[in-house]
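Results of the structural survey
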Amino acid sequence: MWLFMAVLSAFFAGVTAILAKCGIRKTDSDVATALRTAVVLAFSWLMVLVAGSFRTIGAVSGTSLVFLVLSGFATGASWICYFKALSMGDVNKVVPIDKSSTVLSVLLAMIFFHETDALAAELLGTALLGVGILLMVEKKQGGAGERDGRWIVYAVLSAVFASLTSILAKVGISGVESNLGTAIRTCVVLVMAWGIVFARGKQAQLRTLDRRELVFIALSGVATGASWLCYYYAIQNGSVSVVVPIDKLSILVSVLFSRLVFHETLSARARLGLALMVAGTLLMAIFA
């Protein structure tokens, strides 16, 4: 069951990138992140109520709460960087770098959780992922943010924070019902996201939001909520070094829809990189 949930997580995560890109063409990325986090929060607590998880809130230990909060901060930082990068660069360029968090997540899982039952497969898969990512990241000609490489910096930071999220969440969600754990950490992300909006004085932009983009932002929030619920169920019941690579197969969904929606194409080098990333992911998922 947890493998199936990991696959669903990948699908919803891939759709999220496309919906979010549609919602930040004119809307500031920080404002969009804060708005979609509110949607994710509502979605998360709705699932808590439906699943009856609220009754278990008293059983959450202090240690779990601390790590869930830390995971929330890491997620918030990752989101802010990710959507900033998406607002500057192509989906096909940003998503592969973001997915490089898989490499660090797997290595950290080996160190902290001793997930080394299939060490050779995990190391080879990680190597394939790393090479694939390097091949997919090509120099892009475009706007100012694209030319000076700022989108790459944001994408890399997104990957680093995302990898920390996986490890912190694995510790924090231990003994905590997965829906409840997701809802708690989303509260932290919401506070962080809106804190940045107000700290940067961007709240005035809420009055001039494009309604069409607002719909896409909301839909991306729903997709994110669905992805999270599936992902943290899988992490709670499965192996981090298997769940994380499967989740990162969302890149296939993102690439497919970016071709259909934005008409973004992959060069021969990028296609080879994508194939290596998929091969590395499947290798870890099958043998780990």
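Scroll up for the structure.
Residue indices follow the written sequence of each chain, beginning from 1 at its first position. Where totals are concerned, whole chains, interfaces and linings use all residues; where local detail is concerned, this predicted model gives features only for residues with pLDDT of at least 70, and gives and counts side-chain atom pairs only at 80 or more. The basis for the side-chain values is all heavy atoms of the structure; hydrogens and waters are excluded.

To continue, consider the overall build of the chain. A tally of regular secondary structure across the chain gives 13 helices and zero strands. Going from N to C terminus, the chain has its helices and strands arranged as α-α-α-α-α-α-α-α-α-α-α-α-α. Taken against the 2.2 N^0.38 rule, which gives 19 Å for 288 residues, the C-alpha radius of gyration of the chain at 18 Å falls within 12% of a compact globule. The buried share of the chain, taken over its 288 residues, is 56%. Contacts are assigned to residue pairs with any non-hydrogen atoms lying within 4.5 Å of each other. For the chain, the share of sequence-separated contacts (at least 6 apart) that also reach a separation of at least 24 residues comes to 90%. Working note: accessible area of the chain is about 12200 Å², and carbon and sulfur atoms make up 70% of it. Each charge class in the chain can be summarised by its mean position, and for the 23 positive and 15 negative side chains these summaries are 7 Å apart. Secondary structure elements are defined from DSSP: runs of H or I of at least 4 residues count as helices, runs of E of at least 2 residues count as strands, and each element is numbered from the N terminus. As a reference, a globule follows 2.2 Å times the number of residues to the power 0.38, and the radius of gyration itself is taken over C-alpha atoms. Partly exposed describes any residue whose relative accessible area lies between the buried limit of under 20% and the exposed limit of over 50%, with all areas from a 1.4 Å probe on protein chains only and scaled to the type maximum. All accessibility values rest on the Shrake-Rupley procedure with a 1.4 Å probe; residue burial counts only the protein chains present in the view. In this tally Asp and Glu are treated as negative and Lys and Arg as positive; neither His nor the chain ends contributes. Charged side chains are reduced to one point each, which is NZ for Lys, CZ for Arg, CG for Asp and CD for Glu.

As a further point, take the side chain of serine 9. Looking at where serine 9 falls in the secondary structure, it is placed in helix 1 (residues 2-23). The buried category is assigned to serine 9, whose relative accessible area is 0%. Setting aside chain neighbours within four positions, we find serine 9 in contact with Ser227, Cys230, Tyr231 and Asp247.

With that settled, consider the nonpolar core. One finds Tyr82, Leu86, Val94, Ile251 and Leu274 to be the most contacted residues of the largest nonpolar core, which totals 61 residues. Top element by residues in this core is helix 10 (residues 211-237). It accounts for nine residues. Not counting residues up to four positions away in its chain, the partners in contact with leucine 274 are Met136, Ile251, Leu252, Val255 and Leu266. Residue types Ala, Val, Leu, Ile, Met, Phe, Trp, Tyr and Cys, when buried and joined through side-chain atoms within 4.5 Å, form a set referred to as a nonpolar core.

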